[in-house]
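Each chain, letter by letter, is given below.
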Amino acid sequence: MTRFALTLEFDGGPFMGLQRQSHGPSVQQAVEEAAFAVTGENVVMHAAGRTDAGVHALGMRAHVEIARPIAPFRLMEALNALLRPAPIAVLDCVEVADDWHARFSCTGRAYVYRIANRRAPLTLERGKAWQVAKPLDAEAMHRAAQALVGRHDFTTFRSAHCQSASPLKSLDRLAVRREGEMVLVEAAARSFLHHQVRSMVGCLALVGMGRWREEQVAEALEAKDRQALGLNAPPDGLYFVHAAYPGE
């Protein structure tokens, strides 16, 4: 068996999420079916993280194991051909060691959340960003975000359906900046709780709109109570950007 590491880009709009679901299409299902068509093998894909329905990826890492001899470039080209017209692309494919695991070897994950801060309806960005019509104060959002950096109990920002054993997480970076009409929220950590990024973005947006004081983000964190959450941002604007591994 040869283990191949894949780098995936996908539009999450048509899918129920990355992981296989019983109630609709998933990215994992599409890749595994394409791999079966190439190799005739029942391939299982393991990914660096899970994404909800509607969440996108620019650089999701995953791996598959294949018995049939095949070159990485040939596998990448074949998968891309068979994945069409699904909005999934294999950007890179390399052989890795048998003990390299897309999820368990990962030492860091990074996301970006895109907020389209404008009144006019979205056309090209529809489904690719969260539209907020009211002007946002990105600098206030950034200041408020710093209260969340570090190791904390993120119960307030955790989905009720989260399967993580503990609400304790170390957030390495949470930064907010404006690029024209787009407000970008960048988050990095070893791992995240279910809905953590979307929940943090929702509360920061309340600060940006002037509906929350900057200090209320820290107060919500301290509450350790999901009821203290102000807003959970929609999945449209969330992108998995990067997975880090030792030696890369």
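Preceding this paragraph is the structure being described.
Residues numbered from 1 in each chain as written. Predicted model: local features only at pLDDT ≥ 70, side-chain atom pairs only at ≥ 80, totals over all residues. Heavy atoms only, no water.

K.L.:
Describe the pairing of strand β5 (residues 108–116), listing the residues and the values that go with them.
P.N.:
Burial analysis of β5 places nine of its nine residues in the buried class, which makes it a mostly covered element. By the alternation rule, side chains of β5 split into Gly-108, Ala-110, Val-112, Arg-114 and Ala-116 and Arg-109, Tyr-111, Tyr-113 and Ile-115, which are all buried. Judged from the six bridges that link them, β5 and strand β10 (residues 238–244) form a sheet pairing that is antiparallel. Residue pairing across strands places Arg-109 opposite Ala-243, the latter belonging to β10. When β5 meets strand β9 (residues 182–189), the two strands line up antiparallel, connected through eight bridges. Along β9, the bridge assignment pairs Tyr-113 with Val-185. Of the pairings in the sheet, the one linking β5 to strand β6 (residues 130–131) comprises two bridges and is parallel in character. Bridge assignment links Ile-115 to a residue of β6, and that residue is Trp-130. (Buried < 20%, exposed > 50% of the residue type's maximum accessible area, 1.4 Å probe, protein only. Helix = DSSP H or I, 4+ residues; strand = E, 2+ residues; numbered from the N terminus. Pairing = 2+ DSSP bridges.)

K.L.:
Would you mind going over the nonpolar core in detail, with residue names and values included?
P.N.:
Core analysis: the biggest nonpolar cluster contains 79 residues, and Leu-8, Met-60, Ile-115, Leu-148, Phe-157, Leu-174 and Leu-204 have the highest contact counts within it. Ranked by the residues each element gives to this core, the list is headed by helix α4 (residues 196–208), at eight residues. With sequence-adjacent residues up to four places away left out, Leu-8 is seen in contact with Val-31, Met-45, Ala-57, Leu-58, Gly-59, Met-60, Ala-62, Ala-89 and Val-90. Listed in part, the seven residues of the second largest apolar core include Val-112, Ala-116, Leu-184 and Tyr-239. (Core = buried A, V, L, I, M, F, W, Y, C linked by side-chain atoms within 4.5 Å. Contact = heavy atoms within 4.5 Å.)

K.L.:
Talk me through the pattern of salt bridges; I want residue IDs and the actual numbers.
P.N.:
On inspection of all chains with the given rule, the structure shows 14 salt bridges. Between Glu-65 and Arg-3 there is a salt bridge, and its shortest N-O distance comes to 2.6 Å. Taken together, the positions of Glu-65 in strand β3 (residues 56–66) and Arg-3 in strand β1 (residues 2–10) put the pair 62 residues apart, joining distant regions of the chain. With relative accessibility at 29%, the residue Glu-65 sits in the partly exposed group. With a relative accessible area of 11%, Arg-3 lands in the buried category. For Arg-213, the salt bridge is made with Glu-219, and the minimal N-O distance between the two is 3.2 Å. On the basis of relative accessibility, which here comes to 44%, the residue Arg-213 falls in the partly exposed class. (Salt bridge = Lys/Arg side-chain N within 4 Å of Asp/Glu carboxyl O.)

K.L.:
Outline the packing of aromatic side chains, supporting the account with residue identities and numerical values.
P.N.:
Between two aromatic rings, the relevant description is the distance of the centres plus the angle of the planes. Using the criterion set out here, one finds five aromatic pairs in the structure. Relative to Phe-157, the ring of Phe-154 has its centre 6.3 Å away and its plane inclined at 65°; by these criteria the two rings are edge-to-face. Residue class for Phe-157 comes out buried when judged on its relative accessible area of 0%. Through pairs of rings, three or more aromatic residues link up here, namely Tyr-111, Phe-192 and Phe-240. (Phe/Tyr/Trp six-rings, centres within 6.5 Å; stacked < 30°, edge-to-face > 60°.)

K.L.:
So, the side chain of Thr-39: which residues are in play, and what are the values?
P.N.:
Structurally, Thr-39 can be placed in helix α1 (residues 27–39). From its side chain, Thr-39 meets the backbone oxygen of Ala-35 in a polar contact 2.8 Å long. Those residues in contact with Thr-39 that lie beyond four places of it in its chain are Ile-66 and Arg-68. (Polar contact = N/O pair within 3.5 Å; in protein donor to acceptor, adjacent residues only side chain to side chain.)

K.L.:
Go over the state of the cysteines with me, naming the residues and quoting the values.
P.N.:
On inspection of all chains with the given rule, the structure shows zero disulfides. Cys-162 provides the cysteine sulfur closest to Cys-106, a residue in no disulfide bond, and the two sulfurs are 17 Å apart. There is no disulfide at Cys-203, and the cysteine sulfur nearest it, in Cys-162, is 16 Å away. Residue classification places Cys-203 among the buried residues on the basis of a relative accessible area of 1%. (Disulfide = S-S within 2.5 Å.)

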